[in-house]
Number of protein chains: 2
Amino acid sequence: MGDKNITYKMSVRLFKEDKLFGPGIARLLTYVEEYKSLNQAAAHMNMAYSKAWKIIKEAEKQLGYELITRRIGGSGGGGAVLTDEGRSLLKRYEAFVREAQERVDEVFNKYFSS
Amino acid sequence: MGDKNITYKMSVRLFKEDKLFGPGIARLLTYVEEYKSLNQAAAHMNMAYSKAWKIIKEAEKQLGYELITRRIGGSGGGGAVLTDEGRSLLKRYEAFVREAQERVDEVFNKYFSS
């Protein structure tokens, strides 16, 4: 049976007691890395700064370590950068998602290739 | 680095132009199969009948075939059963999700085993 043109989307989220990491916070941290500012990262996602802050604080609470750290001073009047642990988690999440996607592509083609 | 006790959840959804199949409609169809009634299936999920109907109609529109068919009469005063195409799609989606999950488990353990 064909089911032509069917595609799929996969999402993976990390949990401890609650959800702690998924595509949203991954994008947010990627933009923090790029802009060196949580404020600008949130703005780039059309997200309120207070919401971005809350997302990161809740993830940090469950993880037991900080994901970002304030950078005092500098030409932009301060900002934020990823901690080593935050960068490591982001990289592992991205690698996990990328490799998971490759594997699931194979399975999808087995059941839904037209 | 440990990140002990982290687990993950994965979701996969099928698309054509729009989303057409995911965990929600899969559960709904599973209950239709069990109860032979869309009304009872929706009730079992605490979902309004009108919403269940809309979900199925929109999926059918994108797929170009029917997922369920009314069963006239019978002791329950009629009801609904899956069409052969609906049963096939449900089975393939379930097999896809199950096998995808197994593969992603391996990838997860590679990046996040404690």
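Predicted, not measured: the structure shown is a model, and the values here were computed from it.

Definitions and cut-offs
- Residues numbered from 1 in each chain as written.
- Chains lettered and ligands numbered in written order.
- Predicted model: local features only at pLDDT ≥ 70, side-chain atom pairs only at ≥ 80, totals over all residues.
- Heavy atoms only, no water.
- Pairing = 2+ DSSP bridges.
- Helix = DSSP H or I, 4+ residues; strand = E, 2+ residues; numbered from the N terminus.
- Axes fitted to C-alpha atoms, helices over the stretch in contact; angles between N-to-C directions.
- Contact = heavy atoms within 4.5 Å.
- Salt bridge = Lys/Arg side-chain N within 4 Å of Asp/Glu carboxyl O.
- Polar contact = N/O pair within 3.5 Å; in protein donor to acceptor, adjacent residues only side chain to side chain.
- pLDDT = per-residue confidence, 0-100.

Here the focus is the sheet that holds strand β1 (residues 7-15) of chain B. On the basis of which strands lie adjacent, the open sheet formed by four strands has the order β2(A)-β1(A)-β1(B)-β2(B) and antiparallel pairing. Single-partner strands in this sheet number two, and they are β2 (19-21) of chain A together with β2 (19-21) of chain B. Taking each pair of neighbouring strands and ignoring which way they run, the sheet shows an average axis angle of 55°. Two elements, β1 of chain B and β2 of chain B, share two bridges in a ladder whose sense is antiparallel. Residue pairing in the sheet places L14 of chain B in a bridge with F21 of chain B of β2 of chain B. Along the sheet, helix α1 (residues 23-35) of chain A makes contact with β1 (7-15) and β2 of chain A, crossing β2 of chain A at roughly 30°. Lying on the sheet, helix α4 (residues 84-112) of chain A is in contact with β1 and β2 of chain A together with β1 of chain B; it crosses β1 of chain A at an angle near 145°.

All right, on to the interface of chain B and chain A then. Tallying the contact residues gives 35 residues for chain B and 35 residues for chain A. Inspection of the chain B/chain A interface yields four salt bridges. In this structure, E106 of chain B engages R103 of chain A in a salt bridge whose closest nitrogen and oxygen atoms are separated by 2.9 Å. Between chain B and chain A we count 13 residue pairs in polar contact (both at pLDDT 80 or more) in total. For the side of chain B that touches chain A, the secondary structure elements donating two or more residues are β1 and α4 (84-112) of chain B. It is α4 of chain B that provides the largest number of residues to the side of chain B that touches chain A, a total of 17 residues. Where β1 of chain A meets β1 of chain B, nine bridges bridge the pair, whose relative direction is antiparallel.

A few words now on the confidence of the model for chain A. All names here are of chain A. Mean pLDDT for chain A: 89, with 91% of residues reaching 70 or above. Within chain A, the lowest mean pLDDT, 86, falls on strand β3 (residues 68-71), and the highest, 96, falls on α1. Model confidence for the complex: the whole-complex pTM is 0.82, and ipTM, which rates the interface, is 0.82.

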